[in-house]
Amino acid sequence: MPGNTFGTLFRITTWGESHGMGVGVVIDGCPSKVPLDESIIQAMMNRRKPGTSIASTARKEPDQVVIMSGVFEGMTTGTPIMIMVYNKDADSKAYAPYANLFRPGHGDITYLAKYGIRDWRGGGRASARETVARVAAAAVAKAFLDKKDIEVLSYTIELGGVSAEARDLNLIAKNMFCCPDMEAAKEMEKRVVEVKKMGDSIGGIVEVLARGVPPGWGDPVFDKIDADLAKALMSIGAVKGVEIGSGFKAAGKLGSENNDAITPQGFSSNHAGGVLAGISNGDDIVVRVAVKPIPSIRIDQNTIDTSKRSTTISTKGRHDVSAIPRINVVCEAMVSLVLADHKMRQAAIRDQ
Ligand SMILES: Cc1cc2nc3c(=O)[nH]c(=O)nc-3n(C[C@H](O)[C@H](O)[C@H](O)COP(=O)(O)O)c2cc1C
């Protein structure tokens, strides 16, 4: 089965390439009577747009959304919702010199191995441009979740080796890296400037927080909510690791340290990250996402061409220095899509 569809009851199918006509999504299964219009989707899209930070590509896309179906008089109708975004600023000429070369770290080599043909313009479907469709779909999922007071936030806790110590969530909209620590944000800026000058790239870590998720969501055994979150987040390009709650640190702890004691008022800590046995426990869901450095860099690297001849490549097009901060809203989007789906799945299994 082609892998362009995600979700069981709240189901999305994305389509489009970086330098094609545009990108978009069909959402099937969104309940009726959710308040929705283009401005709600646009507000979320604007957070993903290039040009929001010094770490971003110089490509200038307005990312103007058009709702083609499924909405009438400001409400979803329960029929398929199609959202479309035209590509306006693709410059395929910049990619022509690399049409027969494989960028180390990118999907050029594996796309050709899989399909025997590859749209090399801007990375084709392997481009982060595809995430436009996910963010548009998630704006709808969020409109549905908002009705239930569920909030999903995403912020940068590490970039290029600089870590955020503080977690002041009021700050994430106040600096270009969506960082909850202003001092760290300043250091991150220095690091980005330095790396950009070198023609190199950096990665980091994003944390996603979901508040207000009631206990009981997640379908053991294969569709546990943590399993679905991991799949959703790992499906984003450049994501190389996902951990829930204590995550990898849990491996080095004692049971007495890692268990969250239970009191009549609730859990006394949240090492579980809001999930037990694959089912939400009513506490905040906390997920961290490891993001690798951008593959397309200006530094010469060894590679081969499509005839397997050795050569070198340095990529001169318009590229992000880091997927962070733009990936934040994409992570938030994928978590929102999982939650919308599991909300509907829980309603199908138990009338509460
Ligand atoms: C928000 C975002 C922006 C990205 N920007 C670029 C970019 O400008 N140039 C690039 O080569 N890769 C970029 N990537 C990473 C590639 O999409 C990704 O590395 C590639 O598809 C290969 O997949 P993999 O890293 O998961 O193996 C970006 C990814 C995200 C999520």
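Throughout what follows, the structure given in this document is the object of discussion. Computed from a predicted structure; not experimentally measured.

### Quick word on the sheet that holds strand S16 (residues 285–291)
Here's step 1: Across the sheet, which stays open at both edges, the five strands sit in the order S9-S8-S10-S16-S11 with antiparallel pairing between neighbours. A strand with exactly one partner marks an edge of an open sheet, and here the two such strands are strand S9 (162–163) and strand S11 (239–244).
Here's step 2: Here strand S10 (residues 204–211) pairs with S16 via seven bridges, running antiparallel. Among the inter-strand pairings, valine 206 is bridged to a residue of S16, identified as valine 289.
Here's step 3: The strands that helix H5 (residues 225–234) touches are S11 and S16; relative to S11, the one it contacts most, it runs at about 160°.

### Observations concerning the sheet that holds strand S2 (residues 11–16)
Here's step 1: Read from one edge of the open sheet, five strands run S1-S2-S3-S7-S4, paired in antiparallel fashion. Each edge of the open sheet is held by one strand with a lone partner, namely strand S1 (5–6) and strand S4 (65–69).
Here's step 2: Where S1 meets S2, two bridges bridge the pair, whose relative direction is antiparallel. When the sheet's bridge partners are listed, threonine 5 is paired in S2 with threonine 13.
Here's step 3: Strands S2, strand S3 (22–28) and strand S7 (81–86) of the sheet are contacted by helix H3 (residues 131–146), whose axis makes an angle of about 35° with S3.

### Some words on unusual backbone geometry
Here's step 1: Residue valine 221 is bonded to the preceding proline 220 through a cis peptide linkage, with omega at 10°.
Here's step 2: When you line up the elements, valine 221 lands in the loop between S10 and H5.
Here's step 3: For the bond running from isoleucine 324 to proline 325, omega is 15°, close enough to zero to count as cis.
Here's step 4: Relative to the elements of secondary structure, proline 325 occurs in the loop between strand S18 (310–313) and helix H7 (327–349).
Here's step 5: Look at alanine 238: it is not a glycine, yet its phi comes out positive at around 80°.
Here's step 6: Along the chain, the position of alanine 238 falls in the loop between H5 and S11.

Parameters and conventions
Residues numbered from 1 in each chain as written. Predicted model: local features only at pLDDT ≥ 70, side-chain atom pairs only at ≥ 80, totals over all residues. Heavy atoms only, no water. Pairing = 2+ DSSP bridges. Helix = DSSP H or I, 4+ residues; strand = E, 2+ residues; numbered from the N terminus. Contact = heavy atoms within 4.5 Å. Axes fitted to C-alpha atoms, helices over the stretch in contact; angles between N-to-C directions.

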